[in-house]
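Listed below, chain by chain, are the residues.
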Amino acid sequence: MQAATMRLNQNTMLLGKKVVLVPYTSEHVPSRYHEWMKSEELQRLTASEPLTLEQEYAMQRSWREDADKCTFIVLDAEKWQAQPGATEESCMVGDVNLFLTDLEDPTLGEIEVMIAEPSCRGKGLGTEAVLAMLSYGMTTLGLTKFEAKIGQENEPSIRMFQKLHFEQVAASSVFQEVTLRLTVSESEHQWLLEQTSHVEEKPYRDGSAEPC
């Protein structure tokens, strides 16, 4: 049942003002995503190891099929909507993920976001992507608590999550990271709905969705 829940987003597209979130498909692998993950800076910020193209394909399949992951690719909405017929590949700027890895608490999700394109950072795309994912996790997946684990040196990301009402609950000198948490109270629930009232959920079919 959980596997079916986590694959719900394979037919879901979320349209915001700054970003469009689409499911992570094999079409996204050989282009921007594989090139992004060659960056030493991104490897450091995401605690990732460089992968071969074949390993990236395997990773994409696991992220699509595993019961404990929910992933959207982040597109630049302005670019995507301004160019009729633009490919998702040409508009990709990053990804946003939810992990349901606490078997004792199915209402807790770990969230992470990566804006990989340097020119797209600091413009609010990451903020809107996280807000849309939080709302999706809350309303569709039934999550009521969210955690973000962020490298201590990644101050912009820490500040962004703090602006979204996350509070630091732990710090690890071993892993050089901090853990921030958001518990969705009634007031936080209402705040999230208000912050994402403009986000539209539309059907998506493996890259065939067209800009509107």
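Quick caveat, the model's predicted, so the values are computed rather than measured.

1. So, the overall build of the chain
Phase 1 of the analysis: Looking only at helices and strands, the chain has nine helices and nine strands in total.
Phase 2 of the analysis: Taking all 212 residues of the chain together, 47% fall into the buried category.
Phase 3 of the analysis: Expressed as a percentage of contacts within the chain between residues at least 6 apart in sequence, the contacts between residues at least 24 apart total 68%.
Phase 4 of the analysis: Approximately 10,800 Å² of the chain is accessible, and the part contributed by carbon and sulfur atoms is 49%.

2. What to know about the environment of M13
Phase 1 of the analysis: Note on placement: M13 falls in strand β1 (residues 12-15).
Phase 2 of the analysis: The exposure class assigned to M13 is buried, which follows from its relative accessible area of 3%.
Phase 3 of the analysis: Along the backbone, M13 and V199 are 186 residues apart, and their C-alpha atoms lie at a distance of 10.0 Å.

3. Re the packing of helix α7 (residues 125-139) against helix α9 (residues 186-195)
Phase 1 of the analysis: It is the contact of α7 with α9, at a shortest axis distance of 9 Å, that shows an interaxial angle of 125°. Judged on the interaxial angle alone, α9 and α7 are oblique. By crossing handedness, the relation of α7 to α9 is classed as left-handed. Each of L131, L134, S135, M138 and T139 in α7 lies in contact with α9, whose residues at this interface are H189, W191, L192, L193 and Q195.
Phase 2 of the analysis: A breakdown of the residues in the contact of α7 with α9 according to their chemical character gives six nonpolar, four polar and no charged.

4. Focus: the pairing of β1
Successive residues of a regular strand alternate their side chains across the two faces of the sheet.
Phase 1 of the analysis: Every second residue of β1 is oriented toward a common face, with T12 and L14 on one face and M13 and L15 on the other, all of them buried.
Phase 2 of the analysis: By the bridge criterion, two bridges tie β1 to strand β2 (residues 19-23) in an arrangement that is antiparallel. Bridging across to β2, L15 finds its partner in V20.
Phase 3 of the analysis: As consecutive antiparallel partners, β1 and β2 are separated by three residues.

5. Quick look at the packing of aromatic side chains
Phase 1 of the analysis: Under the defined criterion, the tally for this structure stands at two aromatic pairs.
Phase 2 of the analysis: Residues F72 and Y136 carry aromatic rings whose centres are separated by 5.5 Å and whose planes lie at 85° to one another, so their mutual orientation is edge-to-face. On the criterion of sequence distance, the pair formed by F72 in strand β3 (residues 69-76) and Y136 in helix α7 is long-range, its members being 64 residues apart. Just as F72 is buried, Y136 falls in that class too.
Phase 3 of the analysis: Where F161 meets F166, the ring centres are 5.0 Å apart and the plane angle is 80°; that geometry is what we call edge-to-face.
Phase 4 of the analysis: Look at F161 and you get buried, because its relative accessible area is 2%.

The rules we used
- All residue numbers here refer to positions counted from 1 along the written sequence of the relevant chain.
- Whole-chain, interface and lining totals are the exception, using all residues; otherwise, since this is a predicted model, local features are given only for residues with pLDDT of at least 70 and side-chain atom pairs are given and counted only at 80 or more.
- With hydrogens and water stripped out, all remaining heavy atoms of the structure feed into the side-chain values.
- Only DSSP runs of H or I covering at least 4 residues are called helices, and only runs of E covering at least 2 are called strands; the numbering of each starts at the N terminus.
- Whether a residue is buried, partly exposed or exposed follows from its accessible area with a 1.4 Å probe, protein chains only, as a fraction of its type maximum: under 20%, in between, or over 50%, in that order.
- It only takes one pair of heavy atoms within 4.5 Å for two residues to be counted as in contact.
- For every accessible area listed, the method is Shrake-Rupley and the probe measures 1.4 Å; residues are considered covered only by the protein chains on display.
- Throughout, an axis means a line fitted to C-alpha atoms (over the contacting stretch in the case of helices), and angles, computed between N-to-C directions, take values from 0 to 180 degrees.
- Here roughly perpendicular refers to angles of 65 to 115 degrees, roughly parallel to angles under 35, roughly antiparallel to angles over 145, and oblique to all remaining angles.
- By convention the crossing between two helices is left-handed if the near helix lies anticlockwise of the far one by an angle smaller than a right angle, and right-handed if it lies clockwise.
- Side-chain classes follow a simple rule in which Ala, Val, Leu, Ile, Met, Phe, Trp, Tyr, Cys and Pro form the nonpolar group, Asp, Glu, Lys and Arg form the charged group, and the remainder, Gly included, forms the polar group.
- DSSP calls a pair of strands paired once it identifies at least 2 bridges connecting them.
- Planes of paired rings set the category: under 30 degrees apart is stacked, over 60 is edge-to-face and the rest tilted, where pairs are Phe, Tyr or Trp rings (Trp by its six-membered ring) whose centres lie within 6.5 Å.

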